[in-house]
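# Fold and geometry: a report
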Amino acid sequence: MRESPARHDLFRLPLPREFFDRSVVEVARDLLGRILVRVADDGICAGRIVETEAYLSRNDSASHSFRGPNRKNATMFLGPGLLYVYTIHARCCMNVVTEPEGVASAVLIRAVEPLEGLEAMARRRGTTKVLDLARGPARLCEAFAVHRQFDGWDLTRGEQIWIAACDTDPEPKDVGMSSRIGVTSAGDLKLRFFLKGNRFVSGPRRLSAG
DNA sequence: AAAACGATCTACT
DNA sequence: GTAGATCGTTTTG
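The paragraphs below set out a description of the structure included in this document. Owing to the predicted nature of the structure, the values given are computational and were not obtained by experimental measurement.

The rules we used
- Residues numbered from 1 in each chain as written.
- Chains lettered and ligands numbered in written order.
- Predicted model: local features only at pLDDT ≥ 70, side-chain atom pairs only at ≥ 80, totals over all residues.
- Heavy atoms only, no water.
- Helix = DSSP H or I, 4+ residues; strand = E, 2+ residues; numbered from the N terminus.
- Buried < 20%, exposed > 50% of the residue type's maximum accessible area, 1.4 Å probe, protein only.
- Contact = heavy atoms within 4.5 Å.
- Core = buried A, V, L, I, M, F, W, Y, C linked by side-chain atoms within 4.5 Å.
- Near = heavy atom within 4 Å.
- Polar contact = N/O pair within 3.5 Å; in protein donor to acceptor, adjacent residues only side chain to side chain.
- Nonpolar A, V, L, I, M, F, W, Y, C, P; charged D, E, K, R; others polar.
- Pairing = 2+ DSSP bridges.

## Section: the overall build of chain A
- Within chain A one finds 6 helices and 8 strands.
- Shown N-terminal to C-terminal, the secondary structure of chain A runs as helices and strands in the order α-α-α-β-β-β-β-β-α-α-α-β-β-β.
- In chain A, buried positions account for 52% of the 210 residues.
- Restricting the contact set of chain A to residue pairs at least 6 apart, pairs at least 24 apart contribute 62%.

The following block contains the structure:
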């Protein structure tokens, strides 16, 4: 994909703290269309966020912060605009902490549409299939070289990794939402948002709305 | 020390 | 769409 100077300048502006200091659902929806930017020694890359999932603070048993702060989830309690990275199934997933300090709500970034630095992503992922580069939270982390070491990273600094304020797909956003009540124990509520019709969205894109 | 549990992925039908 | 792999973390004895 060709790289235009104008676009590159837009990628440079990190979203400010206030952006993240809002309701987690609001942030999850508003993150769609924004650009995730990664500057690393082994390559620069960027992608448009097409799928997110909101995790509602410690009142939601599906959230990692449900049982209160501990060694692993500490970042979630430290305030908006931080990156929370955790491991699962021997892989990493990245979250953006939202809402005021202590609330511990976060948005899981589930997929991006690769825009720039496809070569770097392909190298890190071990595949050249564009569809498989960053669709899925763990694949995304691998493609963008995000590991546990980035847990607690301040996204508003605009260094190494951040989310650009620009929106490549200005209004009106065609946002889809799929919610489901947890089948397990205490009714877990999951709120997944995605850009409708985008082929980089993972999983079943059933339900409409939005 | 052992067992169970995933905010997942891949392969395959 | 679903079964099976996979391994760090948490929970249990």
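## Here's the deal with helix α3 (residues 24–31)
- Those residues of α3 that sit buried are V24, V27, A28, D30 and L31.
- Within two residues after α3, G33 carries a phi angle of roughly 90 degrees, on the positive side.

## Concerning the side chain of T127
- Summarising the element assignment, T127 is placed in the loop between α4 (118–125) and α5 (130–133).
- Beyond its immediate sequence surroundings of up to four residues, T127 is in contact with A122, D132 and L133.

## Considering the nonpolar core
- Of all hydrophobic cores here, the largest spans 43 residues; its most connected members are L31, M94 and F144.
- Apart from the residues within four sequence positions on either side, L31 is in contact with L15, F19, F20, I49, T52, V107, I109 and I163.
- Judged by nonpolar contacts, the second largest core, of 12 residues, contains F77, L82, Y84 and Y86.

## Quick notes on the protein's contact with DNA strand B
- What surrounds DNA strand B is a group of 16 residues, the closest being Y55, H64, Y86, N95 and R139.
- Here, DNA strand B places atoms within 4 Å of the protein, and 46% of those atoms are sugar or phosphate.
- In this structure, a phosphate oxygen belonging to DNA strand B sits 3.5 Å away from a side-chain N or O atom of R110.
- Among the secondary structure elements, those contributing two or more residues to the surface near DNA strand B are β3 (83–88), β4 (91–98), β5 (105–116) and α6 (137–143).
- The element contributing the most residues to the surface near DNA strand B is α6, with 3 residues.
- Class assignment for the residues of the surface near DNA strand B results in 8 nonpolar, 4 polar and 4 charged.

## What to know about the pairing of β3
- Here β3 runs beside β4; their pairing, made up of 6 bridges, is antiparallel. Its bridge partner lying in β4, T87 is registered against C92.
- Following β3, the chain reverses through 2 residues before pairing antiparallel with β4; H89 in that reversal takes a positive phi of roughly 50 degrees.

## Points about the side chain of D154
- Note that D154 resides in the loop between α6 and β6 (161–167).
- Residue class for D154 comes out buried when judged on its relative accessible area of 17%.
- At 3.0 Å, the side chain of D154 forms a polar contact with the side chain of R17.
- Reaching out from D154, the side chain makes a polar contact with the side chain of T156 at a distance of 2.8 Å.
- Discounting residues that sit within four places of it in the chain, D154 has contacts with R17, G81 and L82.

## Let's talk about the environment of G33
- When you line up the elements, G33 lands in the loop between α3 and β1 (34–40).
- When its relative accessible area of 1% is taken as the criterion, G33 is described as buried.
- Remark: the alpha-carbon pair of G33 and R48, spanning 15 residues in sequence, is separated by 5.6 Å.

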